[in-house]
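Remarks on the overall topology
As a plain string of letters, each chain reads:
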Amino acid sequence: ILIFLLTILLIIFWFKALLTNKKYKRKKIVSSILGIIFLIITFSTWDLWMKVDDEIRKLAVYVLGEIKSLNCLNLLINRLKDVIEDIRIEAVIALGKIDSHIAVEKLIEMLKDPSYKVRKTIANIFGNLKNTITIRPLIIIIDDINEEVSKESCNSLIKIGDDAVDLLINSLKKDNIKTLVK
């Protein structure tokens with residue numbers, strides 16, 4: 001509503017400047033300057049509202065994660081598609097707090113996210129969950145293009161336990177010389 005009102009004021013001052021007779025040059029200049037000021041305020045307010053909106057969405061996802069309810073599952077899964085990386089990370093963390101097979105499956109799918117921070121966060125969560133379903137996906141992302149994701153994957157496999165460590169060692173023996181060097 002605020003942006004709408006500022007836009008109306010902007011239009012009023014610009015029309016006033018355009019329609020003012022040439023002999024009232026001072027009035028025309030003042031209206032033009034006020035129009036420019038309202039233009040600047042309108043666009044800066046818009047940018048501010050966009051940042052506030054992102055922070056509100058991030059906070060909402062955090063709160064849903066703290067609730068730890070299956071009722072929040074679909075809302076959190078929808079946030080995994082957000083264009084803002086921080087919101088996707090917060091959604092991943094929130095899903096990691098919900099004890100659900102569906103949540104784990106969605107996190108496994110998110111290991112294809114373009115953001116290494118999202119993938120690294122998922123690897124960390126899998127280590128904390130200590131769920132054997134996550135062992136195979138963690139083995140796969142050992143060869144991640146990002147070194148931090150690879151290291152987090154190895155750490156998580158160690159946290160999961162002996163079965164995961166055995167698979168990690170076998171994986172490293174086979175063809176993951178790159179990971180050994182890291």
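Residues numbered from 1 in each chain as written. Predicted model: local features only at pLDDT ≥ 70, side-chain atom pairs only at ≥ 80, totals over all residues. Heavy atoms only, no water.

Thoughts on the overall build of the chain
Secondary structure assignment for the chain yields 10 helices and zero strands. The order of α-helices and β-strands along the chain, N terminus first, is α-α-α-α-α-α-α-α-α-α. Across the 182 residues in the chain, those meeting the buried criterion constitute 40%. Taking the contacts inside the chain whose residues are at least 6 apart along the sequence as the reference set, 60% of them involve residues at least 24 apart. For the chain, the computed accessible surface area is about 11500 Å², with 64% contributed by carbon and sulfur atoms. (Helix = DSSP H or I, 4+ residues; strand = E, 2+ residues; numbered from the N terminus. Buried < 20%, exposed > 50% of the residue type's maximum accessible area, 1.4 Å probe, protein only. Contact = heavy atoms within 4.5 Å. Areas by Shrake-Rupley, 256 points an atom, 1.4 Å probe, with all protein chains shown as cover.)

Quick look at the nonpolar core
Core analysis: the largest hydrophobic core is formed by 37 residues, its most contacted members being Leu76, Leu95, Ile122 and Leu157. Sorting the residues of this core by element identifies α2 (25-67), α3 (73-79), α4 (85-96), α5 (101-109), α6 (116-129), α7 (135-140), α8 (147-160) and α9 (162-174) as the ones contributing at least two each. The dominant element in this core, judged by the number of residues it contributes, is α4, at six residues. What Leu95 contacts, discounting residues up to four positions off in sequence, is Leu73, Leu76, Ile77, Leu80, Ala103 and Leu107. (Core = buried A, V, L, I, M, F, W, Y, C linked by side-chain atoms within 4.5 Å.)

Let's talk about the pattern of salt bridges
Applying the stated criterion across every chain, the model contains nine salt bridges. Through salt bridges with shared partners, a single ionic network connects Asp54, Arg57, Arg79 and Asp82. (Salt bridge = Lys/Arg side-chain N within 4 Å of Asp/Glu carboxyl O.)

Overview of the environment of Ile141
By the secondary structure assignment, Ile141 is in the loop between α7 and α8. Judged by relative accessible area, which is 7%, Ile141 ranks as buried. For the pair Ile141 and Leu111, spaced 30 residues apart in sequence, the C-alpha to C-alpha distance is 7.9 Å. Leaving out residues up to four positions away in the same chain, Ile141 has contacts with Leu111, Ala123, Val149, Ser150 and Ser153.

Structural notes on the packing of α4 against α6
A packed helix pair is summarised by two numbers, namely the angle formed by the two axes and the spacing between the axes. The interhelical angle for the contact between α4 and α6, taken along N-to-C directions, is 10 degrees, at an axis separation of 10 Å. On the basis of their axis angle, the class for α4 and α6 is roughly parallel. In this structure, α4 uses Glu85, Arg88, Ile89, Val92, Ile93 and Gly96 to contact α6, whose residues at the interface are Lys117, Val118, Thr121, Ile122, Ile125 and Leu129. Taken together, the residues of the contact of α4 with α6 sort by class into seven nonpolar, two polar and three charged. (Axes fitted to C-alpha atoms, helices over the stretch in contact; angles between N-to-C directions. Parallel < 35°, antiparallel > 145°, perpendicular 65-115°, else oblique. Nonpolar A, V, L, I, M, F, W, Y, C, P; charged D, E, K, R; others polar.)

Brief notes about α4
Between the first and last C-alpha of α4 there are 17 Å, a value that for 12 residues agrees with the 16 Å anticipated at 1.5 Å per step. By the criterion of burial, α4 is predominantly enclosed, with nine of the 12 residues buried. Looking at α4, one finds that the buried residues are Ile87, Arg88, Ile89, Glu90, Ala91, Val92, Ala94, Leu95 and Gly96. (Expected span 1.5 Å × (residues − 1).)

None of this, on its own, says anything about what the molecule does.
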